[in-house]
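Structure at a glance
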Amino acid sequence: MTMDLLGGRKVPDDAVHYSLFLIETKDAEDNERILLHLREQILSRFANLLAKYIWQNQPFSLKYQPETGSVPAHVGGSTDFGDNVEDEWFIVYLLQHITRTFPELAAKVEDNDGEFILIEAADYLPKWLKPENSDNRVFFSKGQLHIIPCPSRPGEVGLSQDQVPTLRQALALLSSNKEACLASLKIRSVLGKRIDCYPDKIQSNLHRAHCFLPAGIVTVLAERPGLLAPAVSAFYLRDPVDLQACRTFTTFPPETRVLSSVTFTRCLYAQLQQQSFMPDRRSGYSLPPCTHPQYQAHELGMKLAHGFEILCSKCRVPSSEPDAPVSCNPQWKSFLDSLKRNDYFKGELEGSKHYKDLMTAAENVFKQSFINTSSSCVKSPGEEVLQILQSSPYDLEELSKQEKHLQPPDSDCWLNLTPEELEQILQARAEAGGRTGAGSKTQSGGTGEGEAEQDASYSLVAVTQGMKNFINAMSSYEGAELPWSQSNEPFSFDEKSMTNALDRLLGGGDDELDSDDLEEEEEEEDDDPDEEEEEEAVGSSDSREQSGAEALDSLKNYMDHMDQELLGTNIGKSFVQSDKKKDKNVNPSGNHMGNPSTEQKEEEEIQPLDVDLNLVTNLLESLASQAGLAGPASNLLQSMGIHLPPNSDRT
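The structure displayed is predicted, hence computed values, not measured ones.

1. Regarding the overall build of the protein chain
- Within the protein chain, the regular secondary structure consists of 27 helices and twelve strands.
- Classification of the 651 residues of the protein chain by burial places 36% in the buried group.
- Put simply, of all contacts in the protein chain between residues at least 6 apart along the chain, 75% involve residues at least 24 apart.
- Total accessible area on the protein chain is roughly 39100 Å²; 51% of this is exposed by carbon and sulfur atoms.

Quick look at the structure:
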């Protein structure tokens, strides 16, 4: 769980918290009146999307939150999206369009990872923006992403990166300097690719399957499709105590099963389909052989029936007296008028079946945001199921006749992902990130432009150059910086600092003077100043050159001694020698030249290694040992933008 700065609450795992603020605030009474009116307008404007959406755990809802401390009054909510992360991004899409439709609002959204929107555009964020200072800096306004900037020089708009702004400070800056707070085009384009697929993705994320279900469940899902999610979750998270209620099905007897078409989200379908489960013999649910053409429909229906039975076993039997309708709520009439102004019913005749379905969906949206969750009007999913069964009797014969008119089920081939498809997805993701490295550079020559680009991508020279760039890159305790992530700021050279660094490296300096130097200095005090300066410059230069030469000689002697010690070990055999060095003592006819003593002396001489050859050899051997799987060599090359072809030499 992560601390939520809006009132010091915590954002649970697998949950998203969202808030809508007025950019320009007024007094407390006006703020409350404006926010409540905007909440009604928002829910009626987006009712078509909200009514037909199947949520994983909790729906999108907006509640009014009064001012508390440094947090201004706002409307917002929290949604548990469970295993379906698409719910979270659908909410981001909603917030973006809410601020576009209602420009007086600014939206803030976060989950247990904090500002998770920034993770999507991590490759393009400014270097100063980090998780520690990103709180209260990221907002949607007028449909665009805004980030409260950090000033790079005095007089610029923004707040220091060392300062965590309050919501009031951030909103005030957003109100007065919208253009300065607008996120970069690259960040906005990456985020746009993630959410522009909505609302079309809502339909593509659905999966229709045939299920043999008890007639009572068919009736419930026809009236409340959203009750499918809690039933699947009840089966998915079942325990032995839950299954005790499924030994004898009292609510949904198996004798009433009919073939029905059920609309799942892909997440719910995968949760139900991928679980292996055999029903209790006492339950009355039996499965046909696996070769039966409708085996999958029987299995899915059996699992879903267990989920609904578990839901109903956990709640009390509802009262026979009907609850007060939502029309008794004083806010319902105003909400219904807003729906009609936004053409929610799309010209359907009042009293028609489709009109009633839309009305039921609108009532559910109203309950989610306008009625307090602690109210007795809000029922658990199991209580809703039992209440629908009481108020909506079913005709078994009529449901059986509908089996002949069912549309064919959708293919579930999307459940199986081949390695090639996974590679394509990862490649598309890498290309979308816009990362380029040495491996993507083209070289001149070759038989064609395409072949030249391919040869450049697989160039071993690019491998060695990319590794050198990586080694020479800057790094810190936060990790190594990849070559392309370095700043593009102009290079600056400090001549004095460079000279001092060379002095320290070469051993030069004026800190240590002996007594002779002091006597010579006293004798030369009466000399000509110009000659004195010239002599001092020449002497200093000679001293530095002499000190540098002595340091290099000392280092060379040290390295020679170390090479002689290593000569008697087997370390040299671990390196690859170039062919030129191997064939140094071989004449064109293939015979060795020179006498044995000369050859032995030459063998003992230490030959410089081809570092690039050894680097490429070791990398290729490491890649070959990975056998096509992920490993340190492939990960390192991939991070540098270098893509090597598969090893065709291995069978």
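2. Remarks on the packing of helix H13 (residues 295–313) against helix H16 (residues 381–391)
- Close contact between H13 and H16 brings their axes to 7 Å; oriented N to C, the two are set at 100 degrees. The orientation of H13 relative to H16 falls into the category roughly perpendicular. On H16, the residues touching Phe 308, Leu 311 and Cys 312 of H13 are Pro 381, Gly 382, Val 385 and Leu 386.

3. Some points on unusual backbone geometry
- Following Tyr 198, the chain continues to Pro 199 via a peptide bond in cis, the omega torsion being 5 degrees.
- Notably, Lys 142 is not glycine yet its phi reads approximately 55 degrees, a positive angle.
- For Lys 142, the position within the fold is in the loop between strand E7 (138–141) and strand E8 (144–147).
- Note on Lys 142: relative accessible area 48%, which makes it partly exposed.
- If you check the backbone angles, Asp 343 has positive phi at about 55 degrees while not being a glycine.
- The exposure class of Asp 343 is partly exposed, given its relative accessible area of 46%.

4. Regarding the packing of helix H3 (residues 85–101) against helix H7 (residues 185–195)
- Interaxial distance between H3 and H7 falls to 10 Å at its minimum, and their mutual angle equals 120 degrees. Classified by the angle their axes make, H3 and H7 are oblique. Crossing angle aside, the handedness with which H3 passes H7 is left-handed. Residues Glu 86, Trp 89, Val 92, Tyr 93 and Gln 96 of H3 touch H7, and the partners they reach there are Leu 191, Arg 194 and Ile 195.
- Grouping the constituent residues of the contact of H3 with H7 by class yields five nonpolar, one polar and two charged.

Conventions adopted
- Residues numbered from 1 in each chain as written.
- Predicted model: local features only at pLDDT ≥ 70, side-chain atom pairs only at ≥ 80, totals over all residues.
- Heavy atoms only, no water.
- Helix = DSSP H or I, 4+ residues; strand = E, 2+ residues; numbered from the N terminus.
- Buried < 20%, exposed > 50% of the residue type's maximum accessible area, 1.4 Å probe, protein only.
- Contact = heavy atoms within 4.5 Å.
- Areas by Shrake-Rupley, 256 points an atom, 1.4 Å probe, with all protein chains shown as cover.
- Axes fitted to C-alpha atoms, helices over the stretch in contact; angles between N-to-C directions.
- Parallel < 35°, antiparallel > 145°, perpendicular 65-115°, else oblique.
- Left-handed = near helix turned anticlockwise from the far one by under 90°.
- Nonpolar A, V, L, I, M, F, W, Y, C, P; charged D, E, K, R; others polar.

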